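The residues making up each chain are set out below.
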Amino acid sequence: MPTPARRGTVTLVLGGARSGKSRFAEGLATATGLDLVYVATAQAFDDEMRERIARHRADRAGEGWRTVEAPLALAGVVAAESAPETALLVDCLTLWLTNVMLADLDVEREVDGLLAAIGAAQGPVVLVSNEVGYGIVPENALARAFRDHQGRLNQRVAAIADRVTLVAAGLPLDLKLPKEPTS
Ligand SMILES: Nc1nc2c(ncn2[C@@H]2O[C@H](COP(=O)(O)OP(=O)(O)OP(=O)(O)O)[C@@H](O)[C@H]2O)c(=O)[nH]1
């Protein structure tokens, strides 16, 4: 049983594809005992993705989640949905960044807005993101730009997060833990 995200804390959960990061992040959010909002950033462009999303929805059914889809307007959704009695799970920053780039939006400006919304959140926010930089340097420029933006986005969220956990093969490794209160 993971230690719950506390009120107002920001947690970043990193990992590769199928690493178990989403399940771990869900566990952090549910362990708060607060109202649960799942902020989904994926868009279904094909049948496989539609089925994948349907499976995720079925897995969450009955566990008290309310789902809000935010493929692009993530900062606005975090600002609107965050509340002291609500735990937000944002799954995931990688697909959000993909959507921002495909929509030809200004990545830096969008990330600035997202960070401001996360920093102002009233309740716990758990964010899932991918570590994508372990492979070889991609041949095409868009993939290289994406990889760089993703690395910078992860660093910026990690810098303001209270806790950062890397999940590999279903196992969590804490990279950053909340500071203990001094008294
Ligand atoms: N639009 C939408 N997307 C959803 C919903 N539920 C889950 N998703 C998306 O499903 C994606 C996660 O699914 P997977 O690709 O199977 O997970 P993964 O990240 O590869 O695997 P793990 O590392 O195990 O989490 C996330 O990006 C979510 O945004 C939903 O209700 N609506």
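Here the structure is a predicted model, which is why all the values come from computation and not from measurement.

Cut-offs applied
- Residues numbered from 1 in each chain as written.
- Predicted model: local features only at pLDDT ≥ 70, side-chain atom pairs only at ≥ 80, totals over all residues.
- Heavy atoms only, no water.
- Pairing = 2+ DSSP bridges.
- Helix = DSSP H or I, 4+ residues; strand = E, 2+ residues; numbered from the N terminus.
- Axes fitted to C-alpha atoms, helices over the stretch in contact; angles between N-to-C directions.
- Near = heavy atom within 4 Å.
- Polar contact = N/O pair within 3.5 Å; in protein donor to acceptor, adjacent residues only side chain to side chain.
- Areas by Shrake-Rupley, 256 points an atom, 1.4 Å probe, with all protein chains shown as cover.
- Nonpolar A, V, L, I, M, F, W, Y, C, P; charged D, E, K, R; others polar.
- Expected span 1.5 Å × (residues − 1).
- Buried < 20%, exposed > 50% of the residue type's maximum accessible area, 1.4 Å probe, protein only.
- Arc of directions from axis to C-beta.

Now for the sheet that holds strand β3 (residues 65-69). Hydrogen bonds between backbone atoms are what pair the strands of a sheet, whose relative direction is either parallel or antiparallel. Pairing within the open sheet is mixed, and its seven strands lie in the order β3-β2-β4-β5-β1-β6-β7. The sheet is open, and its two borders are formed by β3 and β7 (171-176), each paired with just one other strand. The average angle at which neighbouring strand axes cross in this sheet is 20°, direction not considered. Of the pairings in the sheet, the one linking strand β2 (residues 35-40) to β3 comprises five bridges and is parallel in character. Residue L36 lies in a different strand from β3, and its bridge partner there is W65.

Right, let's get into unusual backbone geometry. In this structure, the amide linkage connecting D91 to the following residue, C92, adopts the cis form with an omega of 0°. Within the secondary structure, C92 sits in the loop between β4 (86-91) and α4 (93-102). You will see that D104, though not glycine, has its phi angle at about 60°, which is positive. Within the secondary structure layout, D104 lies in the loop between α4 and α5 (107-119). For A169, which is not glycine, the phi dihedral falls at a positive 50°. Along the polypeptide, A169 turns up in the loop between β6 (163-168) and β7.

A word on the site of the ligand. The full set close to the ligand counts 20 residues, and R18, K21, S22, E69 and D91 are the nearest of them. The contact in question runs from an oxygen atom of the ligand to an N or O atom on the side chain of K21, over 2.6 Å. Contacts to the ligand include E69, whose side-chain N or O atom sits 2.6 Å from a nitrogen atom. Protein chains bury 93% of the 670 Å² of accessible surface belonging to the ligand in isolation. For the shell around the ligand, the elements supplying multiple residues, two or more each, are α1 (21-30), β2, α2 (47-60) and β3. Among the elements that take part in the shell around the ligand, α2 stands out by supplying five residues, more than any other. Residues of the shell around the ligand, tallied by class, amount to six nonpolar, seven polar and seven charged.

A word on α2. Taking 1.5 Å of rise per residue, the 14 residues of α2 would be expected to cover 20 Å, and the 20 Å separating its terminal C-alpha atoms lies within 8% of that figure. Those residues of α2 lying buried are M49, I53 and R60. End-on, the buried residues of α2 take up no more than an arc of 35°, which puts them together on one face. Those residues of α2 that are exposed and aimed more than 90 degrees away from the buried face are D47, A58 and D59. By the N-cap criterion, in which a side-chain oxygen at the helix start approaches the backbone nitrogen of a residue two or three places on, α2 is capped by D46, the distance to E48 being 3.2 Å. Of the residues flanking the end of α2, it is G62, one or two places downstream, whose phi is positive at about 80°.

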